[in-house]
Amino acid sequence: MDLLRNRRKQAASTEPSIEPSLDVTSLPSISGSVSPPEPWEEVDISSTDYARRRRELMEMMADLRSMGADALIALPSVVVIGGQSAGKSSLVEAVSGINVPRDSGTCTRCPMECNMSSHAKSWSCTITLRIGFDSNGLDLQKPTNVRFGPTITDRSEFEVWLRRAQAAILNPNVASSTFHAKTVEELKNIKNTLKFSRNVVCVSIEDPDATDLSFYDLPGLIQNEEPEAVALVKNLAEHYIEKKNTIILTTIPMSDDMENQQSMSLARAADPNGKRTIGVLTKPDTLGTGAINQRRKWVEIIEGRSEEHTLKHGFYCVRLPDDSERAQRLSRAESQRRAAEYFDTTSPWKDVTERHRFGIPGFVSDISRLLIQLIEETLPCLREDVDTLLAKCTKDFDELPPPLENDPQIEVLGRVNTFCDDFKSFVNGSHEDKSLAQRNRALYAIFKRNIRGTAPDFRPFNDPEDYVPLDDTEGNMTLTERDPGVKAMGIYDISRVIQEAIGWELPNNVPYQAKANLITQFTKLWVVPSERCLAGVNNVLDQVVDTLISTHFGRFKVLEEYFGNLIRIQVDLCKARAKDAVKTALDLETIPHYTQNTHYLQTLREKWLAHYKTVRSRPFMYRAPVYEKEEARAKALRALAEAGYAGLQVSDLARLLPPDSFEEELVVMADVRAYFHVAYKRIIDHIPFTIEHALHHALAKQLSQSLLTSLLTDAASGPNFSERMKELVSEDASIAQRRLMLSTRKERLLNIRRRLMTFSNST
């Protein structure tokens, strides 16, 4: 003991300060923090303000982990990783003062959280199972903490209780109490359900000789088992050490090259700059006296002189009890005395200046201080992270529909009525969303343009293709979109139509059938634009109806599917009726060819006849490309005005022309073209009105009655009306599950926030 005491005094005089942050820069002092006393100062450290604050911080971290906070925020922690036979189990025993199971193969098959507190007068230990994952490794909404067994007061009983706790973790479908009485042999013979688990065995140790510290001991990294098990253990280690506030303790046996250690590879991947990794070198006594180069290399690493292996917080070297010493069940003090004697008397270790780098006491003291400083530094960030998560959780929760409070029957009928009222307002154009009316108006405008493109293309010349189209009586407009079914017809084409229609008419009488045949040529082209317009309107209706169904019934999937089907049946019925109505409207334009708008028809006839005569008399002005013809017409009108014929228009010039041998053909052209305009103005209104009334207004009128009738008929056919209503408004399981998840998460975050704020207020 004198040797150990002298060694502690030596460490106190040479010990450098440990940087209080895992970052490159030093941590600023935290308001309310208390600096630790000088190392090995002759005071009762358990009674100092620093010790009190350290104890409170450790207790708070333990409470937060028990609440499952580490699954939500990056809690400061210490994680021990290492391969098999790297001395990791011995290190854990030396630090914690407890014995862990040791068998051939892998013993640790789930994480162990070890919380050590020196605020006690005698040794005791409690074990808790923290279940945060189901048997498939998926996160549970809320972790549960299950007390496992009684408080242990005899150190020798701890190992078997730890075995029992691990067996309970690996067999989640068996009550944990079943394992309380199992013997070591029985536990070894159990065929576990799981090979490894992410659930945690939590060990809380009260030991007056301990240093306040908390750490995770992970299953040892393996290579000679099934690939699935190897990957699972590796992924578990990566999950723990990737967190930014984790101090990584990697155990490295000095009997092997550091480059061969998988734990160092994982640590470098998670912490490339070595800011939060600490190397723990084990088994220095396995290096023979002849291994001079190896010893020199390890000394360079310990003293921080190795360029290949540099860590911000450096490396520690520990000598741990071998199997023989473990069998003797040496006390912690005796084990540390032997280790101190070994390092103080064995070359080259005895010559290393930084003595605090050797042995468990200095190592544990430094790690504890580093963890406490890290916790103090991250507390403000932890509070901010929790507040951010809580705000998002509250927002997501508020966006969910509230649970149903109305009577199911009232809820169903109310939603049906609201849906029908909304649809009527869409149809009438009174809804704030004008998409139905505006999109249909655009379709009707396209329909108008398409019908205009079916106008007859009469060109009163022998070779019509050599002349420009005549699309209005003023010659100012040419159609940009002409129906492909419209062909240019010249004077001989019209003459042939007349000849083919002659029956028993008297001479000098043009058959009516000739005009009827020409009219039919353009009215038959109206079918395709009308059907295309109706199809477009149907698509708009489907989109509006689908949106309204989702809006009014989407909260309840059963209700949405039920009324969605009923509504779409009614929509399809109205679509079919609208199709028939459009066909009927088009049929009206076939026989007879009739209008009471005779004045408009006669006016148009005269304009077109005069236009055709004028054009025919000056064919050179209408050849393609067009020659300038406005100047010639203006000259003629000016000359007539000077002769006393004032007030004449261009259309009047045709009367001055001599009789044409194709007068009959020109009259037929004028009659047909005039009738087209009368019918065109009629059809471009009639088809949209037909669609609106046969489709939208008819659907809006019958929808409410048909839906309620179908609902009552369906409900009456069942054994229980109220149960059917309740079934229709049964909430979607995913929404209920999400509400429960968010509610649980919110409660969890509030508890975490409350615990963080409680500590803040107490300090």
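Read on for a plain summary of the structure.

Conventions adopted
Residues numbered from 1 in each chain as written. Predicted model: local features only at pLDDT ≥ 70, side-chain atom pairs only at ≥ 80, totals over all residues. Heavy atoms only, no water. Helix = DSSP H or I, 4+ residues; strand = E, 2+ residues; numbered from the N terminus. Buried < 20%, exposed > 50% of the residue type's maximum accessible area, 1.4 Å probe, protein only. Contact = heavy atoms within 4.5 Å. Phe/Tyr/Trp six-rings, centres within 6.5 Å; stacked < 30°, edge-to-face > 60°. Lys NZ or Arg CZ within 6 Å of the ring centre and 35° of its normal. Expected span 1.5 Å × (residues − 1). Pairing = 2+ DSSP bridges. Axes fitted to C-alpha atoms, helices over the stretch in contact; angles between N-to-C directions. Parallel < 35°, antiparallel > 145°, perpendicular 65-115°, else oblique. Nonpolar A, V, L, I, M, F, W, Y, C, P; charged D, E, K, R; others polar. Core = buried A, V, L, I, M, F, W, Y, C linked by side-chain atoms within 4.5 Å. Polar contact = N/O pair within 3.5 Å; in protein donor to acceptor, adjacent residues only side chain to side chain. Salt bridge = Lys/Arg side-chain N within 4 Å of Asp/Glu carboxyl O.

**With respect to the overall build of the protein chain**
Consideration 1: Within the protein chain one finds 22 helices and 11 strands.
Consideration 2: Burial status across the protein chain gives 47% buried among its 763 residues.
Consideration 3: Relative to all contacts within the protein chain whose residues are 6 or more apart in sequence, the contacts with residues 24 or more apart total 80%.

**So, the packing of aromatic side chains**
Consideration 1: Scanning the entire structure with this criterion turns up 16 aromatic pairs.
Consideration 2: For the ring pair Tyr-342 and Phe-343, a centre distance of 5.3 Å and an interplane angle of 70 degrees mean the geometry is edge-to-face. An identical accessibility class is assigned to Tyr-342 and Phe-343; each is buried.
Consideration 3: Centroid distance Phe-553 to Phe-563: 5.1 Å. Interplanar angle 15 degrees. Geometry classified as stacked. Of this pair, Phe-553 sits in helix H16 (residues 527-553) while Phe-563 sits in helix H17 (residues 557-587), and the two are 10 residues apart along the sequence. When sorted by exposure, Phe-553 lands in the same class as Phe-563, which is buried.
Consideration 4: The structure contains a cluster of three or more aromatic residues connected by ring pairs, namely Tyr-342, Phe-343, Trp-349 and Phe-358.
Consideration 5: Above the face of the Trp-161 ring, Arg-164 is positioned so that its terminal group lies 4.6 Å from the ring centre.
Consideration 6: Directly above the ring of Tyr-316 sits Arg-357, whose terminal nitrogen or CZ lies 4.6 Å from the centroid.

**Quick word on helix H13 (residues 435-452)**
Consideration 1: For H13, with 18 residues, the first-to-last C-alpha span of 26 Å sits near the 26 Å given by 1.5 Å per residue.
Consideration 2: Within H13, the full set of buried residues consists of Leu-436, Asn-440, Tyr-444, Phe-447, Asn-450, Ile-451 and Arg-452.
Consideration 3: As for H13, its buried residues are in contact with helix H12 (408-428), H16 and helix H20 (663-717).

**Structural notes on the sheet that holds strand S2 (residues 112-117)**
Consider a sheet: its strands pair through backbone hydrogen bonds, and that pairing is either parallel or antiparallel.
Consideration 1: Reading across the sheet, the nine strands line up as S4-S3-S5-S2-S6-S1-S7-S8-S9 and stay open at both edges, with mixed pairing between neighbours. Edge positions in the open sheet fall to strand S4 (139-152) and strand S9 (315-317), since each of these has one partner strand only. With direction set aside, neighbouring strand axes in the sheet form an average angle of 20 degrees.
Consideration 2: In the sheet, strand S3 (residues 124-133) pairs with strand S5 (residues 200-206) via seven bridges, with the strands oriented antiparallel. Its bridge partner lying in S5, Thr-128 is registered against Cys-202.
Consideration 3: Helix H4 (residues 158-170) rests against S2, S3, S4 and S5 of the sheet, and its axis sits at about 10 degrees to S3.
Consideration 4: Together, strand S1 (77-81), strand S7 (246-253) and strand S8 (277-282) form the strand contacts of helix H7 (residues 262-270), whose direction differs from that of S7 by roughly 155 degrees.

**Comments concerning the packing of H13 against H16**
Consideration 1: Direction vectors running N to C along H13 and H16 enclose 170 degrees, while the axes themselves pass 10 Å from each other. Judged by the inter-axis angle, H13 sits roughly antiparallel to H16. Across the interface between the two elements, Ser-435, Leu-436, Arg-439, Asn-440, Leu-443, Tyr-444, Phe-447, Asn-450 and Ile-451 from H13 touch Pro-529, Ser-530, Arg-532, Cys-533, Gly-536, Val-537, Val-540, Gln-543 and Val-544 from H16.
Consideration 2: Here the contact of H13 with H16 is composed, by residue class, of 10 nonpolar, six polar and two charged.

**Digging into the nonpolar core**
One recurring pattern in soluble globular proteins is that nonpolar side chains are buried together.
Consideration 1: Membership of the largest hydrophobic core comes to 85 residues, with the highest contact counts inside it found for Phe-423, Phe-563, Ile-567 and Ile-691.
Consideration 2: If you tally residues by element for this core, the top one is H20, at 24 residues.
Consideration 3: When residues no more than four places from it in sequence are discounted, the contact partners of Phe-423 are Leu-541, Val-545, Leu-548, His-696, Leu-699, Ala-700 and Leu-703.
Consideration 4: With 71 residues, the next largest nonpolar core counts Leu-57, Leu-91, Val-201 and Ile-752 among its residues.

**Description of the side chain of Glu-93**
Consideration 1: Tracing the backbone shows Glu-93 in helix H3 (residues 88-96).
Consideration 2: Note on Glu-93: relative accessible area 10%, which makes it buried.
Consideration 3: Side-chain polar atoms of Glu-93 contact the backbone nitrogen of Val-100, separated by 2.9 Å.
Consideration 4: If sequence neighbours within four positions are ignored, Glu-93 has contacts with Ile-98, Asn-99, Val-100, Arg-102 and Arg-326.

**Thoughts on unusual backbone geometry**
Consideration 1: Across the junction of Ser-347 and Pro-348, the peptide omega takes the value 0 degrees, indicating a cis bond.
Consideration 2: Here Pro-348 shows up in the loop between helix H10 (332-345) and helix H11 (360-399).
Consideration 3: Cis rather than trans, the peptide bond between Ile-591 and Pro-592 has omega equal to -10 degrees.
Consideration 4: With respect to the helices and strands, the residue Pro-592 is situated in the loop between H17 and helix H18 (598-617).
Consideration 5: Even without being a glycine, Lys-283 presents a positive backbone phi close to 60 degrees.
Consideration 6: Secondary-structure assignment places Lys-283 in the loop between S8 and helix H8 (292-302).
Consideration 7: A positive phi angle is found at Arg-329, which is not glycine, with a value near 50 degrees.
Consideration 8: Locating Arg-329 in the fold gives a position in the loop between helix H9 (323-327) and H10.

**A short note on the pattern of salt bridges**
Between side chains of opposite charge, pairing is possible as soon as their charged atoms come close.
Consideration 1: In total, this model carries 46 salt bridges according to the counting rule given.
Consideration 2: One salt bridge in this structure joins Glu-225 and Arg-109, with 3.7 Å as the shortest N-O distance. Here Glu-225 is found in the loop between strand S6 (213-217) and helix H6 (227-241), whereas its partner Arg-109 is found in the loop between H3 and S2, with 116 residues between them in sequence.
Consideration 3: On the basis of relative accessible area, Glu-225 is assigned to the partly exposed category, the value being 32%.
Consideration 4: What makes Arg-109 buried here is its relative accessible area of 18%.
Consideration 5: In this structure, Glu-325 engages Arg-338 in a salt bridge whose closest nitrogen and oxygen atoms are separated by 3.4 Å. Of this pair, Glu-325 sits in helix H9 while Arg-338 sits in helix H10, and the two are 13 residues apart along the sequence.

**Examining the pairing of S5**
Consideration 1: Of all seven residues that make up S5, five are buried, and the element is covered over most of its length.
Consideration 2: In terms of strand pairing, S2 meets S5 through six bridges, oriented parallel. Across the sheet, residue Asn-115 finds its bridge partner in S5, namely Ser-204.

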